[in-house]
Amino acid sequence: MKEQDRPLFSVIVPCCNVARYLNDAVDSLRAQSCDDWECILSVETSSDETLTLCESLAASDARMRVVSGPRSGSPATPRNRGLSLARGRYVVWLDGDDWLADEVLARLSAAIRAHGEPDVVQGPASEFREGADGVWTLVTRHVNYRSSDVGRVLSGEEAMIWFSESPRYVLPMASFSVCRRDFLLAQGLAFQPGLKYEDNEWTARLLTAASRLLVVDFDIYVYRRRAESITTAAGTDFAQYAAVVRHLFLFFAEQRVSRPMARAWARRYLAFFFDLFFSSRYPVGPEGFSARARTACLRRILEKGGRRAYLKLTRSAGPLKTMAAPFVLLCGVHPLLDMPARLYFRLVYAPLVRWRSRRR
């Protein structure tokens, strides 16, 4: 396809059991004043009428295509399937139960052209939750960057350093990133098939690879958090979190990055690892997490090159995270060795992290 014949945007919509919500997602796309887009409805086997609805939507609009496949349990595979078919210059990720923000494509088009077609555009997103009465209510607006970064083109390293130093948790949803398609393909930035909570792993690779990342201040996305979604249902699936951490460690071990980038990786992703499995900053936390279950997860993380990868990352960490290494390795050997790690994180690591956070 000639460059001038390619649409500006490919909107990729993974769809599984979203018949109740899909019309809202598609309506938010069709309502955009910018019509320079195609939409790929990437459907997985569903127990509702999702596929039938997608086929009906595509039959009524030539800009829409349907591709289908078996159930994988994660948005990763349908996103990858859509990316392989995308013809647009930029990829927009839209889950089938969410919305695009009003006029976002027109705003993105202007920003992309004004800043020389960056690899990635990132911006805020609004989060809604459904009440018992079926009404969706705005609960927060996720703003990952500082106001001083708006309109700037950052390197991925600059973005990663800010993320690692931010006093708040930076939401890593893939849908907050609009990406140049050729950049994604050249860097091999597909999603890990079958992985729940895949956005944490994918966003880390995205920032590591990005040369030019534009920060905007308009909402890119409207996120609808619902109780039955894959992400919410994965909240207590420690094995899935272990898989994410293992992928992060192995990816880092293969990279040759600058010292500032390595330090940022250690700050952000070792903290992510420790908070998930040893402290209580994340909703999953370690409460009710047995020593046997923790050891099983750590064995999975550390096996087949994982131990070497973990230790490589700790070499770029500060003293608190470096001191944790022997306790983590012991805990991964046998459940009876879980106690030293728990004591270290409860009595040393967590209090000092809280103290340092209060000083900032």
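Residues numbered from 1 in each chain as written. Predicted model: local features only at pLDDT ≥ 70, side-chain atom pairs only at ≥ 80, totals over all residues. Heavy atoms only, no water.

## Quick notes on the nonpolar core
Step number 1: In terms of nonpolar packing, the biggest core is built from 74 residues, with Phe273 and Phe277 touching the most fellow members.
Step number 2: If you tally residues by element for this core, the top one is helix H10 (residues 259–277), at 13 residues.
Step number 3: If sequence neighbours within four positions are ignored, Phe273 has contacts with Val245, Phe249, Phe278, Leu298, Ile301, Tyr310 and Val328.
Step number 4: Counting 47 residues, the second largest nonpolar core, distinct from the first, contains Ala25, Ala58, Phe218 and Val222. (Core = buried A, V, L, I, M, F, W, Y, C linked by side-chain atoms within 4.5 Å. Buried < 20%, exposed > 50% of the residue type's maximum accessible area, 1.4 Å probe, protein only. Helix = DSSP H or I, 4+ residues; strand = E, 2+ residues; numbered from the N terminus. Contact = heavy atoms within 4.5 Å.)

## A short note on the sheet that holds strand E7 (residues 125–130)
Step number 1: Read across the open sheet, the four strands follow the order E5-E12-E7-E8; overall the sheet is mixed. Pairing within the sheet leaves two strands with one partner each, and these edge strands are strand E5 (99–100) and strand E8 (136–142).
Step number 2: Across five bridges, the pairing between E7 and strand E12 (residues 221–225) is parallel. Bridge pairing in E12 links Ser126 to Val222. (Pairing = 2+ DSSP bridges.)

## Focus on the sheet that holds strand E1 (residues 9–15)
Step number 1: Strands sit in the order E3-E2-E1-E4-E10-E6-E11-E9 across an open sheet of eight strands; the sheet is mixed. Edge positions in the sheet fall to strand E3 (64–69) and strand E9 (153–154), since each has one partner strand and no second.
Step number 2: For strand E6 (residues 120–122) and strand E11 (residues 213–215), the ladder comprises three bridges, and the chain directions are parallel. Each bridged residue has a counterpart across the sheet, and for Gln122 the counterpart in E11 is Val215.
Step number 3: Helix H7 (residues 198–209) rests against strand E4 (90–93), E6, strand E10 (177–180) and E11 of the sheet, and its axis sits at about 50° to E10. (Axes fitted to C-alpha atoms, helices over the stretch in contact; angles between N-to-C directions.)

## Some points on a nonpolar patch on the surface
Step number 1: On the surface, Leu330, Val333 and Leu337 cluster together to form a nonpolar patch covering roughly 220 Å² of accessible area.
Step number 2: Tracing the backbone through its elements, the reader meets Leu330 in helix H13 (residues 319–331). (Patch = residues over 30% accessible without salt bridge, like charges linked within 9 Å, V, L, I, M, F, W, Y side chains within 5 Å. Areas by Shrake-Rupley, 256 points an atom, 1.4 Å probe, with all protein chains shown as cover. Salt bridge = Lys/Arg side-chain N within 4 Å of Asp/Glu carboxyl O.)

## Section: the environment of Arg300
Step number 1: By the secondary structure assignment, Arg300 is in helix H11 (residues 291–302).
Step number 2: Taking the relative accessible area as the measure of exposure, Arg300 reaches 41% and is therefore partly exposed.
Step number 3: Residues Arg300 and Tyr310 lie 10 residues apart in sequence; the distance between their C-alpha atoms is 12 Å.

## Let's talk about the pattern of salt bridges
Step number 1: Taken as a whole, this structure holds 25 salt bridges when the rule is applied.
Step number 2: Among the ionic pairs, Asp149 bridges to Arg146, the shortest N-O distance being 3.0 Å.
Step number 3: On the basis of relative accessible area, Arg146 is assigned to the partly exposed category, the value being 36%.
Step number 4: Among the salt bridges present, the one from Asp338 reaches Arg294, with a minimum N-O distance of 2.7 Å. Of this pair, Asp338 sits in helix H14 (residues 338–359) while Arg294 sits in helix H11, placing them 44 residues apart in sequence.
Step number 5: Residue Asp338 is classed as buried on the basis of its relative accessible area, which comes to 3%.

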